[in-house]
Structure formats: structure tokens, C-alpha cells
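A closer look at the structure
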Amino acid sequence: MSCIENSFPTDISDLHLDLLDTVTVDIELSPYQTPPEIGSNRYLYVGSNGDFTISRTVLKVGSLTALQDSTFEIIDSRIELTLVDTVLDIQPSFVLSYFAMDSTIEFSESGTNYDNDDWLDEIEFEGQFTSDSLSLDTSGIYSVEFSVDTSIAMAWADTSADPQLLVLEAPALNSEVLQFYSTENGSLEPALIVSYSDSVTVTVTIDSMEVDTLILDTLELVLEMSSDVSIVEPPLFSGGGFDSTLIYFSNGAGMKALMNYDFTWSDFVDLDSLNVPEEAVILKAKLVLYSDSTNSNWEEDGTFNMKIATLEDSIVNEDDFIWPAFISEDSLGTGILKVSSLDSTDMLVHRIDRLIETIFLGVEDNLGFKLETSSAPSIFNIVAFHTSDNPDSALHPRLEIYYGVP
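Residues numbered from 1 in each chain as written. Predicted model: local features only at pLDDT ≥ 70, side-chain atom pairs only at ≥ 80, totals over all residues. Heavy atoms only, no water.

1. Things to note about a negative patch on the surface
Together, Asp26, Glu28, Asp243 and Asp389 give the surface a local cluster of negative charge. What makes Asp389 exposed here is its relative accessible area of 51%. (Patch = residues over 30% accessible without salt bridge, like charges linked within 9 Å, V, L, I, M, F, W, Y side chains within 5 Å. Areas by Shrake-Rupley, 256 points an atom, 1.4 Å probe, with all protein chains shown as cover. Salt bridge = Lys/Arg side-chain N within 4 Å of Asp/Glu carboxyl O. Lys, Arg positive; Asp, Glu negative; His and termini not counted. Charge placed at Lys NZ, Arg CZ, Asp CG, Glu CD. Buried < 20%, exposed > 50% of the residue type's maximum accessible area, 1.4 Å probe, protein only.)

2. Topic: the confidence of the model for the protein chain
Taken as a whole, the protein chain shows an average pLDDT of 81; of its residues, 83% reach a score of 70 or greater. The low-confidence segment residues 1–15 (pLDDT under 50) makes 12 contacts with residues lying over four places distant or belonging to another chain. Overall, residues 262–277 carries pLDDT values under 50, and its contacts beyond four positions in sequence, including any with other chains, amount to 31 contacts. (pLDDT = per-residue confidence, 0-100. Contact = heavy atoms within 4.5 Å.)

3. Things to note about the nonpolar core
Considering soluble globular proteins, one finds that nonpolar side chains tend to be buried as a cluster. Grouped together as the largest cluster of nonpolar side chains are 33 residues, with contacts concentrated most on Ile79, Phe129, Phe146, Trp156, Leu166 and Phe180. Listed by contribution, the elements that provide at least two residues to this core are β3 (43–48), β5 (73–82), β6 (94–100), β9 (142–148), α1 (150–157), β10 (164–169), β11 (177–181) and β12 (191–206). Counting residues per element, this core draws most heavily on α1, at four residues. Each residue touching Ile79, except ones within four places of it in the same chain, is listed here: Leu96, Phe129, Val144, Glu145, Phe146, Val148, Trp156, Leu166, Ala191, Leu192 and Met225. Ile247, Leu342, Ile352 and Ile401 belong to the second largest nonpolar core, which has 26 residues in total. (Core = buried A, V, L, I, M, F, W, Y, C linked by side-chain atoms within 4.5 Å. Helix = DSSP H or I, 4+ residues; strand = E, 2+ residues; numbered from the N terminus.)

4. Thoughts on the packing of aromatic side chains
Within the structure shown, the criterion is met by 16 aromatic pairs. Measuring from ring centre to ring centre gives 5.9 Å for Tyr43 and Tyr181, while their planes differ by 45 degrees; the resulting arrangement is tilted. One end of the pair, Tyr43, is in strand β3; the other, Tyr181, is in strand β11, and 138 residues separate them in sequence. Comparing Tyr43 with Tyr181 shows no difference in burial state: the two are buried. Both rings, one in Phe237 and one in Phe242, keep their centres 5.5 Å apart while their planes meet at 85 degrees; by these two values the pair is edge-to-face. Per residue, the accessibility class of Phe237 equals that of Phe242, and both read buried. Each member of the aromatic cluster is reached from another via a ring pair, and the members are Phe237, Phe242, Tyr248 and Trp323. Positioned above the aromatic ring of Tyr402 is the side chain of Lys284, whose terminal nitrogen or guanidinium carbon lies 4.4 Å from the ring centre. (Phe/Tyr/Trp six-rings, centres within 6.5 Å; stacked < 30°, edge-to-face > 60°. Lys NZ or Arg CZ within 6 Å of the ring centre and 35° of its normal.)

Quick look at the structure:
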């Protein structure tokens, strides 16, 4: 275990350090783009908003062993997808297709995206369900319901059957994107809902005496999907519409950046001219970025959070990250990370004391840093930041190092 991991709290004043200076260094960022990784998102989507296209959403049916209980009789069953937003210009017709996921199909919530979903185009669906209207419950919540024949539900529940995948196709909409709650939402998740009749024990009063009796009652069994993901096709750097002198970040568009810098004392300061001894101690390190609100895309109010992490892997080919770079799979492993929020002044400040300190102390190799969106109000948010190409040097991304000596 490293000495950093075994650190102990202390009062900086006890170290008798004199603050000598603040060293400010302009930094360069290398933007790149990967397929969006939104499998853990709270929402599912279908439709198009002009920039993003979501042609289909894939859902995997969860365990149906509960349907093998022979003590109850199934009345009907349905697949229910709950809408987040119910304001629609038109009433669309929804189609939900299904097929068995055999051993040749590689589907995963975290790994399936528009760049590797060609196998879906070759699938021969075993059937489909349709829904031409929205359902409204007593709480004012809208959902799309697909009626499922009992024989189909029981076939899915057979222990020898392969897991079922469902594909929701984007309906005909007027440049709209519909949102549904996903399996990560915690409530109102996509589910197969089975209505059944079963004998239940109730207590009734007969001649002033309480008596337990059996009655036939109608109940519901909610069987949630095990995983789901929307296939999001984002705007690409190579497709135009983006400024190569800016850096963009977005979960839904897979926009990220690398920060490469050779962290040695001589790169920060001229030791001879400033007479900074090698035993200098870092007191604070800040990475400062300024957003460009004019070239950013926000669909709703909320907080944009960015994370910066140390790279654990060397970059084999730096040419892969030259604008407009697109990488099919982001295999760059990361270590220590820090999450920070964009404030109301359009400035984002990362306190990365520990990240820088571990490099200076030789605990971590200096392989660079990766910056990407941690969270945002919507996957469709794209936040632009100024770079050193901006004529106003005050808006350049910079690293500030505060240091002292014993």
C-alpha cells in the first residue's frame, strides 16, 4: 500500500511551510468521441430531436419463474412502459418486437450501442405487439401497454427457453423524443405485469365471530425487466457543426478529452530564476476550465458535473486523438478520480491536489488524465469549453499550483 493511502490528518501550519508563489500553466486538451455509454441511465428514449436519433430501445425480460406457480390461474398479461413526459403533438402507434436471445447474441446494457448493433438488423423476430393508445392511471401517470397472450408469457417462463429480448421501435413523431423510465429508475420500471386469480385467506365476521375463509381474488404480479438500453445515434465531430477550437463534453454524444502534461517541476517553473528548492511541497492544485454557453446545448436547468481521472494505460497512438477523433471502444483505464460542478459563472474548478501530488511523489505514473461528463440533466446536453485557441487568455484552461517549502 502506498504512502498516500496511509496518509494521516495534520495541520498544515505544523509543517512550517512558507507560501512562495502560485504557478499557473496553460494546458492543452485533446478531444475525442466514443459511442455513448448510457446503459445505466434512468430513462429510455425513442424518437429524434434533430441532433440525436434514437431509432430503437432494447429490453431484456427478467426471470419469469414465478409464472410456473400452478396454484394460480393467469387472467391476462401485458408489458408496460411508463412515460416521463406525456405532452405529445400526435398519438403515435407503438410496435414492440420480440425474439429469443440465444448464445450467438451478445447483448449487454453497458456495451450495446449504435456502433455495434448491426446484429439487430439481421434478427428475424418471432412476433410483435402493438399499442395504439396511452393508458392513464389514477395518479395521472401515462404508460404504453402491450397485451401479451398468456401462451406466449408461459412459453417465455419455460426453464428451457432462452431469455427474451424486446425491441421498441421509434414511432412516427414530429421531431420529438419520448422518455420512458428504465430499470435504473427505482420505480415505474418496464415490466411484464400478470393479472391472475388465486385463493386468498380473508377474515370475515359471522354472527359476531371472526372466521377465516378462502375467496378467489384477482391479483397482479409485476415482473421487471432485467436490463435495458436505448440505441442513441449522436451528432459526430466529423459531421460538422462543431468548432475545433473548443472542447465538448457529453454523455449522450460520448464526447471526452485527454489532458497530457509532463508533470515535472522544471515544466512548471524555472528553478534557477525563481530559486524554488526541490523539496517544495504542493499545497493546492486546481484545474480551471471556462464554458462557452453560446456553443453549449442545454435542454433543461440543472447541474453539469465533470470528472477527471488519472490514466492507468499509456496512449499507444496519439494520432488516434487528433480532431475529429472517433474511437469505437474507450479502453483507457482510469485510477484516482475527482468530480466537480460547473458553477453559475460558467467556470469549472477541479481541486486535483491528490492527483497531482501522487505523480510528484512518484506513487502514480504520469500517463495523463481523462476528462468526461459525470452527470448532466439530460443525455442530450453538450457543454463546450474554451481552449488556448481563444484570443482572450483569461479564458484559457489552466493548471494552478500552490506550493511552499519547509
